[in-house]
Amino acid sequence: MRGAGVLIGLTPEETFEFERLDSGQAPGRVQVASGGRDVWPDAGERRRLELYEKHEGAWRAWMAQSRTERREGFNLY
């Protein structure tokens, strides 16, 4: 595990799973169809993307809330 923290929007278990998948410790990333033309993510990559999207959405919401709170708390008078 890269860090001791938990990614925003993920449980500790999901963070561990994401970091394991993201580090390449999980089996293959993509599957290639015959002829090498079509490439699509395998189950591990789909799960990594699902967890990433969950984290990214929560991070964006947190950042938007933080910006709103800073604006509301800023007063020149």
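Above this text is the structure in question.
Everything numeric in this text was worked out from a predicted model, so none of it was measured.

Draft legend 1. Local environment of the pattern of salt bridges. Per the counting criterion, the structure on display carries 6 salt bridges. Two residues, Glu-17 and Arg-47, come together in a salt bridge whose shortest N-O distance is 2.9 Å. With a gap of 30 residues between them, Glu-17 in helix H1 (residues 12-22) and Arg-47 in helix H2 (residues 43-73) connect regions that are remote in the sequence. Classification of Arg-47 as partly exposed rests on a relative accessible area of 24%. Note that Arg-48 and Asp-22 form a salt bridge whose closest N and O atoms lie 3.2 Å from each other. With Arg-48 in helix H2 and Asp-22 in helix H1, this residue pair connects regions lying 26 residues apart in the sequence. With a relative accessible area of 13%, Arg-48 lands in the buried category. By relative accessible area, which is 26% here, Asp-22 ends up partly exposed.

Draft legend 2. Main features of a nonpolar patch on the surface. A surface patch of nonpolar side chains, amounting to about 280 Å² of accessible area, comprises Ile-8, Trp-59 and Trp-62. Position of Trp-59 relative to the elements: it lies in helix H2. Overall, Trp-59 belongs to the partly exposed group, its relative accessible area being 34%.

Draft legend 3. Broad picture of H1. What H1 keeps buried is the set Glu-14, Thr-15, Phe-18, Glu-19 and Leu-21. Down the axis of H1, the smallest arc covering the buried residues is 165°, so these residues share one side. In this structure, H1 carries Pro-12 and Glu-13 as exposed residues pointing more than 90 degrees from its buried face. One or two steps after H1, the chain reaches Gly-24, where phi turns positive at roughly 90°.

Draft legend 4. Quick peek at the side chain of Glu-14. Of note, Glu-14 is situated in helix H1. Glu-14 sits in the buried class, given a relative accessible area of 14%. Here Thr-11 takes part through its backbone nitrogen, which lies 2.9 Å from a polar atom of the side chain of Glu-14.

The rules behind the values
- Residues numbered from 1 in each chain as written.
- Predicted model: local features only at pLDDT ≥ 70, side-chain atom pairs only at ≥ 80, totals over all residues.
- Heavy atoms only, no water.
- Salt bridge = Lys/Arg side-chain N within 4 Å of Asp/Glu carboxyl O.
- Helix = DSSP H or I, 4+ residues; strand = E, 2+ residues; numbered from the N terminus.
- Buried < 20%, exposed > 50% of the residue type's maximum accessible area, 1.4 Å probe, protein only.
- Patch = residues over 30% accessible without salt bridge, like charges linked within 9 Å, V, L, I, M, F, W, Y side chains within 5 Å.
- Areas by Shrake-Rupley, 256 points an atom, 1.4 Å probe, with all protein chains shown as cover.
- Arc of directions from axis to C-beta.
- Polar contact = N/O pair within 3.5 Å; in protein donor to acceptor, adjacent residues only side chain to side chain.

These figures capture arrangement, not role.
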